[in-house]
Amino acid sequence: MDVSANPIPFLDLKAQQARLGPSLRARIDAVLAHGQFILGPEVAELEARLAAFCRAAHCVTVSSGTDALQIALMAEGVGPGDAVFLPGFTYTATAEVPLLLGATPVFVDINPATFQIDPAHLEARIAETARGGKLRPRAVIGVDLFGQPAPWPELRAIAERHGLFTLDDCAQAFGASLHGTRLGHEAHATATSFFPSKPLGAYGDGGALFTEDAERAALYRSLRTHGEGASRYDVQRIGMNGRLDTLQAAVLLAKLDVFEAELARREAIARAYDAGLGDYATIPARVADSAGAWAIYAVLFENAAERDATQARLRAEGVPTAIYYPKPLHHQPAYAAAHDGAVLPVAEDVATRILALPIHPDLDNDQVARVIAAFGPV
Ligand SMILES: *Cc1c(COP(=O)(O)O)cnc(C)c1O
């Protein structure tokens, strides 16, 4: 068989559409019929279902995961002079948002086994920042990287000791759980994304905020609609145009019906990779007492040469891969001016030898076996 003519899709939204069947069209048609494209009834229905799904007291949907992070920090008044601690190994949005608000991201190193933020280094960075006297330690953004939970009990204890606001960047991990509870309660606020490739993806941009705090939820609702007060033309604060489209809410409602089954499928694929790849690469360590949402499944090689050679060989076998992330954020030109010059040895090293494999609910067992076989002896 000419496998290169039959490449495995890295992401397969068409197969998912076919699997969802008529429910998706029915949901979209209902929106076209009622015509309430902004904050239509599907938005409130989705917020209720998402809150129930992760047992959060409040869910406020917004226009993207990035806007969710921004609204959460705006609600706390984070701004100039504030230090926001976050991992140096994450998607750019996590670090972009503090800078947009005039605050300063302070990059923290990661654990090489789980790729999650390193609590000991967080503690050191807070102490350094406090000693420096230029920035006020203000907030910690924990990222549930690749779909596994960040070390929340440790992060919360450190944040409490220093009086910091905690924000869970759960963009890659909606549906994951820690100690038997779905993510959504680990921090003062949880932000997620419905970008199409995330575990719960819309057909466009979208996001949501979760909190147990009614006052925060009310602020988020105000901030997503230009800081409105009790009525539309009562402007209480500077906000954003940050609402989730009704059409995206309709798509997400259809997708929620199959989401648990999709999470189970992602977990089964992760286990198959764990079992099949350990001889050829370092498989990701499991965060204790957790279930991942497996937005990304990434393995580590000994060095960059081995990673790059394997990537080329897999490509020739019709197995697509991706590198998340080829450069830690503190090495990105956009963050050079804000970065204090700290070295993050683990993030810097991991970036040179990590490789992400296809993982999505429509990957069948034959395709998973093909990915594993492509690693095998040639
Ligand atoms: C995708 C992502 C975001 C941003 O989400 P968008 O919906 O694309 O704005 C933020 N943080 C992380 C870790 C992400 O992976």
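What you see is a predicted model; the values in this text were computed from it and never measured.

Engineer: For the state of the cysteines, give the residues involved together with the corresponding values.
Structural biologist: A full pass over the atoms with the stated rule returns 0 disulfides. Of all cysteine sulfurs, the one in Cys-59 lies closest to Cys-54, which takes part in no disulfide; the gap is 7.2 Å.

Engineer: If you had to explain the nonpolar core to someone new, which residues and values would you point to?
Structural biologist: Counting 46 residues, the largest nonpolar core has Phe-89, Phe-146 and Leu-167 as the members making the most contacts within it. Take this core: its biggest share by element is 6 residues, from helix H4 (residues 65-75). Of the domains in this structure, domain 1 (16-256) and domain 2 (258-374) are the two that each give at least three residues to this core. Grouped together as the second largest cluster of nonpolar side chains are 43 residues, Ala-83, Val-140, Ala-150 and Ala-187 included.

Engineer: Account for the domain arrangement of the protein chain, naming residues and giving values.
Structural biologist: The assigned domain composition of the protein chain is domain 1 (16-256) and domain 2 (258-374). Both faces considered, domain 1 and domain 2 share a buried interface measuring about 3600 Å² in area, 61% of it formed by carbon and sulfur atoms. The largest per-residue losses of area from domain 1 upon contact with domain 2 belong to Phe-89, Phe-146 and Gln-148, which jointly make up 19% of the total buried on that side. On inspection of domain 1 and its partner domain 2, the count reaches 4 salt bridges. Between Arg-182 and Glu-260 there is a salt bridge, with its nearest N and O atoms 2.8 Å apart. For the side of domain 1 that touches domain 2, the elements supplying multiple residues, two or more each, are helix H1 (13-20), helix H5 (92-100), strand S3 (104-108), helix H6 (119-132), strand S6 (177-178) and helix H9 (246-277).

Engineer: Before we move on, could you go through the sheet that holds S3 and cite the residues and values that matter?
Structural biologist: An order of S1-S9-S8-S5-S4-S2-S3 is seen for the 7 strands of this open sheet, with the pairing classed as mixed. Strand pairing shows two members of the sheet lacking a second neighbour, strand S1 (58-62) and S3, which therefore form its edges. Strand after strand, the sheet turns through a mean of 25° between neighbouring axes, direction not considered. As judged from the 3 bridges shared by strand S5 (residues 165-169) and strand S8 (residues 189-193), these two strands associate in the parallel manner. Counterpart to Asp-168 in the pairing with S8 is Thr-190. Each of strand S4 (136-143) and S5 touches helix H7 (residues 152-162); the most contacted strand, S5, lies at about 155° to it.

Engineer: Requested: an account of the pairing of strand S11 (residues 297-300), with residues and values cited.
Structural biologist: Of the two faces of S11, the one holding Tyr-297 and Val-299 and the one holding Ala-298 and Leu-300 are both buried throughout. Here S11 runs beside strand S12 (residues 354-357); their pairing, made up of 4 bridges, is antiparallel. Bridging across to S12, Leu-300 finds its partner in Ile-354.

Engineer: Residue-level account of the site of the ligand, with values.
Structural biologist: Taken together, 15 residues lie around the ligand, and Gly-65, Thr-66, Asp-169, Ser-193 and Lys-198 are the ones closest in. Within the side chain of Gln-172, one N or O atom sits 2.8 Å away from an oxygen atom of the ligand. In this structure, Lys-198 approaches the ligand through a side-chain N or O atom, which is 2.9 Å from an oxygen atom. The set of elements that each furnish at least two residues to the shell around the ligand consists of H4 and H5. When grouped by side-chain class, the residues that make up the shell around the ligand number 5 nonpolar, 8 polar and 2 charged.

Engineer: An account of the packing of aromatic side chains is needed here, citing residue identities and associated values.
Structural biologist: Tallied over the entire structure, the rule returns 13 aromatic pairs. When the centroid spacing of 5.7 Å and the interplanar angle of 80° are considered together, the rings of Phe-89 and Tyr-325 count as edge-to-face. One end of the pair, Phe-89, is in the loop between strand S2 (82-87) and H5; the other, Tyr-325, is in the loop between helix H10 (304-316) and helix H11 (345-353), with 236 residues separating them in the sequence. Phe-89 sits in the buried class, given a relative accessible area of 1%.

Engineer: Which residues make up the environment of Asp-349, and what values do they have?
Structural biologist: As for its placement among the helices and strands, Asp-349 is situated in helix H11. Sequence separation between Asp-349 and Val-31 is 318 residues; the distance between their C-alpha atoms is 48 Å.

Engineer: Which residues make up a nonpolar patch on the surface, and what values do they have?
Structural biologist: On the surface, Leu-32, Phe-37, Ile-38, Leu-39 and Leu-247 cluster together into a nonpolar patch covering about 420 Å² of accessible area. Among the structural elements, Leu-39 can be located in the loop between helix H2 (22-34) and helix H3 (41-53).

Engineer: Before we move on, could you go through the sheet that holds S6 and cite the residues and values that matter?
Structural biologist: Sheet architecture is open: 3 strands sit in the order S7-S6-S10, paired in antiparallel fashion. At either end of the open sheet lies a strand with only one pairing partner, and these are strand S7 (181-182) and strand S10 (290-291). The pairing of S6 with S7 spans 2 bridges and is antiparallel. Paired with Leu-178 across the two strands is Thr-181, which belongs to S7.

What counts and how
Residues numbered from 1 in each chain as written. Predicted model: local features only at pLDDT ≥ 70, side-chain atom pairs only at ≥ 80, totals over all residues. Heavy atoms only, no water. Disulfide = S-S within 2.5 Å. Core = buried A, V, L, I, M, F, W, Y, C linked by side-chain atoms within 4.5 Å. Buried < 20%, exposed > 50% of the residue type's maximum accessible area, 1.4 Å probe, protein only. Helix = DSSP H or I, 4+ residues; strand = E, 2+ residues; numbered from the N terminus. Domains from an automatic or database assignment. Buried area = accessible area lost by both parts, 1.4 Å probe. Salt bridge = Lys/Arg side-chain N within 4 Å of Asp/Glu carboxyl O. Pairing = 2+ DSSP bridges. Axes fitted to C-alpha atoms, helices over the stretch in contact; angles between N-to-C directions. Contact = heavy atoms within 4.5 Å. Near = heavy atom within 4 Å. Polar contact = N/O pair within 3.5 Å; in protein donor to acceptor, adjacent residues only side chain to side chain. Nonpolar A, V, L, I, M, F, W, Y, C, P; charged D, E, K, R; others polar. Phe/Tyr/Trp six-rings, centres within 6.5 Å; stacked < 30°, edge-to-face > 60°. Patch = residues over 30% accessible without salt bridge, like charges linked within 9 Å, V, L, I, M, F, W, Y side chains within 5 Å. Areas by Shrake-Rupley, 256 points an atom, 1.4 Å probe, with all protein chains shown as cover.

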